[in-house]
Amino acid sequence: MAAEVIYGKQLAEDLRLEMKEEIAELSKEGVHPKLVVVIVGEDPASKSYVKGKQRASEKIGMASDLIELSAETSEDELLHIINQLNEDKAVHGILVQLPLPQQIDEQNVIEAIDPSKDVDGFHPINAGRMLTGQETFYPCTPFGILVMLKRAEVSIEGKHVVIIGRSNLVGKPVGQLLLNEHATVTHCHSRTKNLREHTKRADILIVAAGKAGLITGEDITEGTVVIDVGVNRVDGKLTGDVDFESAKEKASYITPVPKGVGPMTITMLLHNTIKAAKWIDQK
Ligand code: NAD
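Owing to the predicted nature of the structure, the values given are computational and were not obtained by experimental measurement.

Novice: When you look at the pairing of strand β2 (residues 34-40) in this model, what are you seeing that I'm missing?
Specialist: Counting buried residues along β2, 7 of its 7 residues qualify, which places the element largely inside the surrounding structure. Residues Lys 34, Val 36, Val 38 and Val 40 of β2 are buried on one face, and the alternating residues Leu 35, Val 37 and Ile 39, pointing to the opposite face, are buried as well. Taken together, the 7 bridges between β2 and strand β3 (residues 63-69) define a ladder with parallel strand orientation. Considered in β3, the bridge of Val 38 is made with Ile 67. The parallel pair β2 and β3, bridged by helix α2 (residues 44-59), forms a crossover whose chirality is right-handed. Judged from the 4 bridges that link them, β2 and strand β4 (residues 93-96) form a sheet pairing that is parallel. The partner of Val 37 across the bridge, within β4, is Leu 95.

Below is the structure:
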């Protein structure tokens, strides 16, 4: 039986409508959530991502600023700007688009952002809070995956989740979030032996490797829930890590690329910014 396709795009649109209403309500109370995105350099993919983030925030009535810095910006200059944003009471969320030019240490930048404005959820304080099961900002792509699974009413508790990938951005945090939801979690990575033995044992398979066609229908068992996080360009076409056509014949649920996980990432960024504004307002 062919899988039910989970369209993150549709869910993202629904959630953004809800957020638009929430922002309108908050503004009546004098709270105006504001996101500032900082980009360093001219990388076309990064530029297109930040434009998407800005457009999405404007569409729901969220205030947003884009700070564009030259590729020659020094780490000190960037840290100075972050400090100013940390101090600015009108700013609730700060996002520095990664990757950064090689003269800037990414970890120093991540750690310079006030954890209460860290809407990407990358600061070690927020990562630690997530690890210890506390309420905090969760990284946007992993959080988007969790919300997708919940909205599709996929049960997580006691299920075997196999994740391909262990990056700080996707693999590790999605594993932690699902462990917090009482899943049994296996992480596979580039040095894992006999990958298929693991993927075949998954109730929920999350593929975040950045390798087009890594997983096919042969690698999964009947009824697996397949979440494809990968974003690859093959012959000018956007594609995930999963061979959608063969996998959908066996999966119970599957996400497509595009229109799957991608739109949820920006949506969770907007969610985190609203959360930041509400938290700061309560202080
Ligand atoms: P990364 O390169 O930092 O990590 C890739 C991980 O996959 C590593 O842990 C590596 O060990 C593992 N891996 C690579 N090849 C493998 C193989 N053959 N077998 C098993 N494991 C393998 O990448 P990332 O930042 O975690 O992103 C992963 C993918 O998700 C990329 O395609 C990226 O573009 C995409 N992504 C999508 C979104 C979104 O919003 N849709 C957000 C972030 C990342």
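And the narrative resumes.
Novice: What is the right way to read the nonpolar core from this model?
Specialist: Nonpolar side chains tend toward joint burial in soluble globular proteins. The biggest cluster of nonpolar side chains holds 53 residues, and the ones touching the most others in it are Ile 145, Leu 149, Leu 178, Ile 206, Ile 227, Val 229 and Met 264. Per element, the largest residue contribution to this core is 8 residues, and it comes from helix α10 (residues 262-282). Non-local contacts of Ile 206, meaning those with residues more than four positions away in its chain, are made with Ile 145, Val 161, Val 162, Ile 163, Ile 164, Val 174, Leu 178, Ile 227 and Val 229. Formed by 16 residues, the second largest nonpolar core is a distinct cluster that contains Leu 78, Leu 79, Ile 82 and Val 109.

Novice: Teacher, can you tell me more about the pattern of salt bridges here?
Specialist: Any two side chains of opposite charge can pair, given that their charged atoms come close. If you walk through the whole model with that rule in mind, you get 12 salt bridges. As a salt-bridge pair, Lys 275 and Glu 135 come within 2.5 Å of each other at their nearest N and O atoms. On the criterion of sequence distance, the pair formed by Lys 275 in helix α10 and Glu 135 in the loop between α5 (124-131) and α6 (140-151) is long-range, its members being 140 residues apart. A relative accessible area of 10% places Lys 275 in the buried class. Judged by its relative accessible area of 53%, Glu 135 falls in the exposed class.

Novice: Mind showing me how you'd approach the site of the ligand here?
Specialist: With respect to spatial proximity, 19 residues lie near the ligand, and among them Arg 166, Ser 167, Ser 190, Val 231 and Thr 265 are the closest. Residue Ser 167 places a side-chain N or O atom 2.5 Å away from an oxygen atom belonging to the ligand. In the model, a nitrogen atom of the ligand is placed 3.4 Å from a nitrogen or oxygen of the His 189 main chain. If the ligand stood free it would expose 860 Å²; the protein chains cover 72% of that surface. For the shell around the ligand, the per-class residue count stands at 8 nonpolar, 9 polar and 2 charged.

Novice: I tried to follow the side chain of Glu 75 on my own but got confused; where do I start?
Specialist: Here Glu 75 is to be found in helix α3 (residues 75-87). In this view, Glu 75 contacts Gln 103, Ile 104, Asp 105 and Asn 108; residues no more than four positions away in its chain are not counted.

Novice: How should I be thinking about unusual backbone geometry in this particular structure?
Specialist: Note: most peptide bonds trans; most residues except glycine with negative phi. Note the cis peptide between Leu 98 and Pro 99, where omega equals 0°. Tracing the backbone through its elements, the reader meets Pro 99 in the loop between β4 and α4 (106-112). Here Glu 153, not a glycine, exhibits a phi torsion of approximately 60°, which is positive. Locating Glu 153 in the fold gives a position in the loop between α6 and β5 (160-164). Residue Lys 259 is not a glycine yet carries a positive backbone phi of 75°. Among the structural elements, Lys 259 can be located in the loop between β11 (253-254) and α10.

Novice: Looking at this structure, how should I read the environment of Val 226?
Specialist: For Val 226, the location among the structural elements is in strand β8 (residues 225-228). Put simply, Val 226 and Ser 252 are 26 residues apart on the chain and 7.9 Å apart in space, counted from C-alpha to C-alpha. Residues in contact with Val 226, not counting those within four places in the same chain, are Leu 205, Ile 220, Val 242, Ala 251, Tyr 253, Ile 254 and Thr 255.

Novice: What is the right way to look at the layout of surface pockets in this model?
Specialist: Reported here for the second largest pocket is a volume of approximately 380 Å³. Every residue lining the second largest pocket is counted, 18 residues in all, and those nearest its centre are Phe 122, Ala 127, Asn 168, Leu 169 and Pro 173. At the level of elements, α4, α5 and α7 (171-180) are the ones that each hand at least two residues to the lining of the second largest pocket. A per-element tally of the lining of the second largest pocket places α5 first, with 5 residues. Residue classes in the lining of the second largest pocket are distributed as 10 nonpolar, 6 polar and 2 charged.

Cut-offs and rules
Every chain begins its residue count from 1, and numbering advances along the sequence as written. The predicted origin of the model limits local features to residues at a pLDDT of at least 70 and limits the giving and counting of side-chain atom pairs to 80 or more, whereas totals for whole chains, interfaces and linings rest on all residues. Working from all heavy atoms in the structure, the side-chain values ignore hydrogens and water. The cut-offs for exposure are 20% and 50% of the maximum accessible area for each residue type, with area from a 1.4 Å probe on protein chains only; residues under the lower value are buried, those over the upper are exposed, and the others partly exposed. Comment: elements are numbered from the N terminus, with helices defined as DSSP H or I runs of at least four residues and strands as E runs of at least two. Only when DSSP finds a minimum of two bridges between them are two strands counted as paired. A clockwise course of the path from the first strand over the helix to the second, judged with the strands pointing away from the viewer, identifies a crossover as right-handed. As used here, the term nonpolar core means buried Ala, Val, Leu, Ile, Met, Phe, Trp, Tyr and Cys residues forming a set that is joined through side-chain atoms within 4.5 Å. In this description, contact between two residues means that some pair of their heavy atoms is separated by no more than 4.5 Å. Salt bridges are counted wherever a side-chain nitrogen of Lys or Arg sits within 4 Å of a carboxyl oxygen of Asp or Glu. Whether a residue is near a molecule or strand is decided by its heavy atoms; if any one of them lies within 4 Å of it, the residue is near. What qualifies as a polar contact is a pair of N or O atoms within 3.5 Å, subject to a donor-acceptor requirement within protein and to the restriction that residues adjacent in sequence count only when both atoms come from side chains. For accessible areas, the Shrake-Rupley method is used with a probe of radius 1.4 Å. Any residue's cover is judged against the shown protein chains and nothing else. Each residue gets one of three labels, nonpolar for Ala, Val, Leu, Ile, Met, Phe, Trp, Tyr, Cys and Pro, charged for Asp, Glu, Lys and Arg, and polar for the others, Gly among them. Definitions used throughout: a 1 Å grid over protein atoms alone; a cavity as a set of points that fits a 1.4 Å probe which cannot get out; a pocket as an open set with protein on both sides within 12 Å along at least five of seven lines; a lining residue as one with an atom within 4 Å of a point. Grid points are joined across faces, edges and corners, and a volume is the space filled by probe spheres set on the points.

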